Amino acid sequence: MHRPPMEDFALKETKPHLGGGKVTGDKLTSTYDLVEQMQYLYVRVVKAKDLPAKDVTGSCDPYAEVKLGNYKGTTRHFEKKSNPEWNQVFAFSKDRLQASMLEVIVKDKDVVKDDFIGRVWFDLNEVPKRVPPDSPLAPQWYRLEDRHGNKVKGELMLAVWMGTQADEAFPEAWHSDAAAVSGADGLANIRSKVYLSPKLWYLRVNVIEAQDLMPGDKTRFPEVFVKAILGNQALRTRFSMSKSINPMWNEDLMFVAAEPFEEPLILSVEDRVAPNKEEVLGRCAIPLQYVDRRLDHKPINSRWYNLEKHIIVDGEKKKEIKFASRLHMRVCLEGGYHVLDESTHYSSDLRPTAKQLWKSSIGVLELGILNAQGLSPMKTKDGRATTDAYCVAKYGQKWVRTRTIIDSFTPKWNEQYTWEVFDPCTVITIGVYDNCHLHGGGDKNGGSKDSRIGKVRIRLSTLETDRVYTHSYPLLVLSPTGVKKMGEIHLAVRFTCSSLLNMMHMYSQPLLPKMHYIHPLTVTQLDSLRHQATQIVSMRLTRAEPPLRKEVVEYMLDVGSHMWSMRRSKANFFRIMGVLSGLIAVGKWFDQICNWKNPITTVLIHILFLILVLYPELILPTIFLYLFLIGVWYYRWRPRHPPHMDTRLSCADNAHPDELDEEFDTFPTSRPNDIVRMRYDRLRSIAGRIQTVVGDLATQGERLQSLLSWRDPRATALFVIFCLVAAIVLYVTPFQVVALLAGFYVLRHPRFRHKLPSVPLNFFRRLPARTDCML
């Protein structure tokens, strides 16, 4: 199999002309300073008055046509209205201007041929320039002229100016690039938009007991369980061990709920009367708007809920009756947890659900999406290959979508977005897609999906503060035929810190909210809840206008990343070997010392060993001083750019075709043999868990390596300073005192222990690993 050169997959640093000024890594202050400035001619057509009637009915169906060279944009038309109001903005890129005169024509809509009413001319050399934050240009009334320059009846109110993409009219404007897109739905699908994820809660249902159940068959012991349904989520308790009409469970059921709460929680008590048959003994519906909200670990009060039963009257008619059966439960919305909807390795937000528990932001993340180069053709239109590319960026609850650039393999977006940062140990994800919903509008395109072109992830803790990073990232996609470079995306990123002290303090804090440690959820629960959270986020964003489609959301949230893959398992194994290679190298070096391969070094080691034996109090100061010197020495080779997708680390550049066929196989497998399918799926399921464990082991080892690698400059600086202070403190403190204090601390009574992780453990969990570079 042919392998492309590794240079094609490498990160490239660039020197773009950002914001009309230089880019040297210094912080610029102007608006839109992380993108290249783009000039646009804006035309705001507001309204018209006193338009004459042109047809035989004596009425007027007016619309305006903005014409500049070969580009032509039209407003919507009004029926039988001589004083229409449009208030539409048209934007023409200055780079593609093909005329020196702008023409705005008012026409009367007709069945055969539209009638000419009048027009207004503008010389582009006389158009004024506007630079925000200047106030918007006030529109003016212009008298209409005929084709010969004579004044005619009617006036048109409009404003014309030259501006940039920083203009507030830019997002909603009609763009000359989209002249080929038809229909209002198509135009809506190409504009830039900002979306917000729904606010997610964990819903805890603690089913305690039921009372005075009324089973249909009173001659047998009932086998009762409780079934809970919330939207498309359904869970059930185990069968009650006390086979009576007053069963007990004391079992927790966990759901994901999203604001606004649209569906109630439905609970039913059911009796298994046969192996595949259940009888409903009663049910109740609980609106989530009235459920208690818990912010900490303190238990809430339990309540008794009356059960209702449906009976059939006259064979068909259903009637609700209330009876004495009751269900004892604690139901609460958990505000102290963070609802995980992303992969834990690539989380962009770690705050708890309840806003009262949020801490103040520590900085601002700014992203400039500049352009893309060399995009692959994604579809065929009118007999030729084409790509209609747009970008989606996700950080925290805020999703942004750039406008779609029509029919271009080198699109230029030059759009800038900003996010508040609450934790530096988070990841922003940027994806590039091909828009397949431009013509015909909406989902009428035969159920077509937006094709993925590639994805980039950037961990904020690997960025230096107040520095502008401008790099061209390779867009890599893995397919059944192997890894393929789909092009490159050019980004500018800046992480600005408002308080260095607050950010350094974050390294001592738990990564997740306290409730995750005080009342932890099981791994199985977290996997199930994350799946439900991604489905809810996908469904809600799909309902936006224009929709952020399901395939886009799932690709950004890494849905399916837990599936078995031989390639990923090999990659994680090699990551572990890479971590252990340092210990192996130390062992080989010590073996060389013992074998006197280098006599001078061996003599020096003997002298050092003799000193440390005679003066054991120098052992720890020497170790920490050595680590301090290594950290300072490695500062010269610290990484200068953010991490990116690494095909060699991911074992994607030399994956066997059979392995790729297995990775892209359906789950369950599409193999025809039932026995093979059962065994194959079981193997993949088990191997997927092993793969996750192996990856986690590799992550811990890589975090140890990152202590001195300057991959996270703040974390390494803290550790290096700690090593220096520890070396000094341990030098002036008797070793016996240190040993006694350490021993007593490790053996301390449980009363003096805290359920939250310690500061060193919190610091260690925040260190970056090479998971950011994994495909």
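This one's a predicted model, so the numbers in the text were calculated from it and none came from an experiment. (Residues numbered from 1 in each chain as written. Predicted model: local features only at pLDDT ≥ 70, side-chain atom pairs only at ≥ 80, totals over all residues. Heavy atoms only, no water.)

## Things to note about the overall build of the protein
And then number 1: Helix and strand counts for the protein stand at 13 helices and 30 strands.
And then number 2: Taking the principal axes of the C-alpha coordinates as reference, the protein spans close to 105 × 95 × 55 Å.
And then number 3: Counting every position in the protein, which comprises 775 residues, the buried fraction comes to 48%.
And then number 4: At a minimum sequence separation of 6, the contacts of the protein that also span at least 24 residues come to 72%. (Helix = DSSP H or I, 4+ residues; strand = E, 2+ residues; numbered from the N terminus. Buried < 20%, exposed > 50% of the residue type's maximum accessible area, 1.4 Å probe, protein only. Contact = heavy atoms within 4.5 Å.)

## Quick look at the sheet that holds strand β29 (residues 468-479)
And then number 1: Strand order in the open sheet made by the 5 strands is β1-β29-β30-β21-β26, with antiparallel pairing throughout. Unpaired on one side and paired on the other, β1 (12-13) and β26 (412-421) mark the two borders of the sheet.
And then number 2: Alignment of β1 against β29, held across 2 bridges, turns out to be antiparallel. Considered in β29, the bridge of Glu13 is made with His471. (Pairing = 2+ DSSP bridges.)

## Here we look at the nonpolar core
And then number 1: Ranked by internal contacts, the top residues of the largest apolar core, which has 63 residues, are Trp399 and Ile489.
And then number 2: The contacts of Ile489, once residues within four sequence positions are left out, are Ile369, Asn371, Ala372, Cys391, Ile430, Val432, Val456, His471, Ser472, Tyr473 and Leu475.
And then number 3: Counting 33 residues, the second largest nonpolar core, distinct from the first, contains Phe78, Leu144, Trp174 and Ile190. (Core = buried A, V, L, I, M, F, W, Y, C linked by side-chain atoms within 4.5 Å.)

## Points about the packing of aromatic side chains
And then number 1: Under the counting rule described, the total for this entry stands at 18 aromatic pairs.
And then number 2: When the ring of Tyr507 is compared with that of Phe763, the centres are 6.0 Å apart and the planes differ by 50 degrees; the resulting orientation is tilted. With Tyr507 in the loop between α2 (500-506) and α3 (515-518) and Phe763 in helix α13 (residues 759-765), this pair connects stretches of sequence that are 256 residues apart. Taken individually, Tyr507 and Phe763 each receive the classification buried, so the pair is uniform in this respect.
And then number 3: Following the ring pairs from residue to residue traces out a cluster consisting of Tyr40, Tyr42, Trp161 and Phe170.
And then number 4: A cation over an aromatic ring shows up here: Lys109 above the ring of Tyr63, its NZ or CZ 5.6 Å from the ring centre.
And then number 5: Above the ring of Trp358, the side-chain terminus of Arg351 is found at 4.0 Å from the ring centroid. (Phe/Tyr/Trp six-rings, centres within 6.5 Å; stacked < 30°, edge-to-face > 60°. Lys NZ or Arg CZ within 6 Å of the ring centre and 35° of its normal.)

## Considerations on the environment of Arg452
And then number 1: The residue Arg452 is located in strand β28 (residues 451-459) in this model.
And then number 2: Remark: the alpha-carbon pair of Arg452 and Val552, spanning 100 residues in sequence, is separated by 7.6 Å.
And then number 3: In contact with Arg452, other than residues within four places in its own chain, are Met378, Val432, Tyr433, Val477 and Tyr555.

## Some words on helix α11 (residues 713-732)
And then number 1: The end-to-end C-alpha separation of α11 is 29 Å, in line with the 28 Å expected for 20 residues at 1.5 Å each.
And then number 2: Residues of α11 that are buried include every one of Pro713, Arg714, Ala715, Thr716, Phe719, Val720, Cys723, Ala726, Ala727 and Leu730, and no others. (Expected span 1.5 Å × (residues − 1).)

## Topic: the pattern of salt bridges
And then number 1: Per the stated rule, a full pass over the model turns up 36 salt bridges.
And then number 2: What emerges from the salt-bridge pattern is a single network uniting Arg204, Asp252, Arg294 and Glu334. (Salt bridge = Lys/Arg side-chain N within 4 Å of Asp/Glu carboxyl O.)

## Quick notes on the pairing of strand β4 (residues 71-74)
And then number 1: A one-sided burial pattern is seen for β4, the buried positions being Tyr71 and Gly73 and the unburied ones Lys72 and Thr74.
And then number 2: Across 4 bridges, the pairing between strand β3 (residues 62-68) and β4 is antiparallel. By the bridge assignment for β4, Glu65 is matched with Thr74.
And then number 3: A loop of 2 residues connects β3 with β4, the two strands running antiparallel in sequence, and Gly69 in this loop sits at a positive phi of about 60 degrees.

## A few points about the UniProt feature "transmembrane region" (unreviewed entry) in the protein
And then number 1: Here the UniProt-annotated "transmembrane region" (unreviewed entry) positions come out as residues 573-590, 602-635 and 717-747.
And then number 2: Taken as a whole, residues 573-590 contains 100% helix and 0% strand, while its terminal C-alpha atoms sit 25 Å from one another.
And then number 3: With 85% helix and 0% strand, the stretch residues 602-635 has end C-alpha atoms that lie 28 Å from each other. (UniProt positions renumbered as here; feature names shortened; annotations may be inferred.)

## Topic: the pairing of β3
And then number 1: With 6 of its 7 residues buried, β3 lies for the most part within the structure.
And then number 2: Across 6 bridges, the pairing between β3 and strand β6 (residues 101-108) is antiparallel. Residue pairing for β6: Tyr63 is matched across the bridge by Lys107.

## Let's talk about the sheet that holds strand β25 (residues 398-401)
And then number 1: On the basis of which strands lie adjacent, the open sheet formed by 5 strands has the order β11-β25-β24-β27-β28 and antiparallel pairing. Of all strands in the sheet, those bounded by a partner on one side alone are β11 (193-196) and β28. Within this sheet the neighbouring strands show an average axis-to-axis angle of 20 degrees, counted without direction.
And then number 2: Note: strand β24 (residues 389-395) against strand β27 (residues 427-434), 6 bridges, orientation antiparallel. Note that in β27 the partner of Val392 across the bridge is Gly431. (Axes fitted to C-alpha atoms, helices over the stretch in contact; angles between N-to-C directions.)

## Brief notes about a nonpolar patch on the surface
And then number 1: On the surface, a nonpolar cluster with roughly 920 Å² of combined accessible area is contributed by Trp596, Ile600, Val603, Leu604, Ile607, Leu610, Ile611, Leu614 and Tyr615.
And then number 2: Positionally, Val603 belongs in helix α7 (residues 599-614).
And then number 3: In this structure Val603 comes out as partly exposed when scored by relative accessible area, which is 39%. (Patch = residues over 30% accessible without salt bridge, like charges linked within 9 Å, V, L, I, M, F, W, Y side chains within 5 Å. Areas by Shrake-Rupley, 256 points an atom, 1.4 Å probe, with all protein chains shown as cover.)

## Describing the packing of helix α8 (residues 619-634) against α11
And then number 1: α11 packs onto α8 with a crossing angle of 155 degrees between their chain directions and a minimal axis gap of 8 Å. Here α8 lies roughly antiparallel to α11, going by the angle between them. As α8 runs across α11, the sense of the crossing is left-handed. Residues Leu620, Pro621, Phe624, Leu625, Leu627, Phe628, Gly631 and Val632 of α8 pack against Phe719, Val720, Phe722, Cys723, Leu724, Ala726, Ala727, Leu730 and Tyr731 of α11.
And then number 2: Taken together, the residues of the contact of α8 with α11 sort by class into 16 nonpolar, 1 polar and no charged. (Parallel < 35°, antiparallel > 145°, perpendicular 65-115°, else oblique. Left-handed = near helix turned anticlockwise from the far one by under 90°. Nonpolar A, V, L, I, M, F, W, Y, C, P; charged D, E, K, R; others polar.)

## Digging into the environment of Ala274
And then number 1: By the element assignment, Ala274 lies in strand β16 (residues 265-274).
And then number 2: Separated by 51 residues in sequence, Ala274 and Glu223 have C-alpha atoms that sit 9.8 Å apart.

## Focus on unusual backbone geometry
And then number 1: Backbone torsion omega between Glu259 and Pro260 reads -5 degrees, so that peptide bond is classified as cis.
And then number 2: Within the secondary structure, Pro260 is located in the loop between β15 (248-258) and β16.
And then number 3: Backbone torsion omega between Glu545 and Pro546 reads 0 degrees, so that peptide bond is classified as cis.
And then number 4: Positioned with a positive phi, Asn250 is a non-glycine residue whose angle comes to about 55 degrees.

## Some details on helix α4 (residues 523-542)
And then number 1: For α4, with 20 residues, the first-to-last C-alpha span of 28 Å sits near the 28 Å given by 1.5 Å per residue.
And then number 2: Taken residue by residue, α4 has Leu529, Arg530, Gln532, Ala533, Thr534, Ile536, Val537, Ser538, Arg540 and Leu541 as its buried positions.
And then number 3: Elements in contact with the buried residues of α4: β11, β12 (200-211), β14 (233-236), β15, β25 and α5 (550-556).

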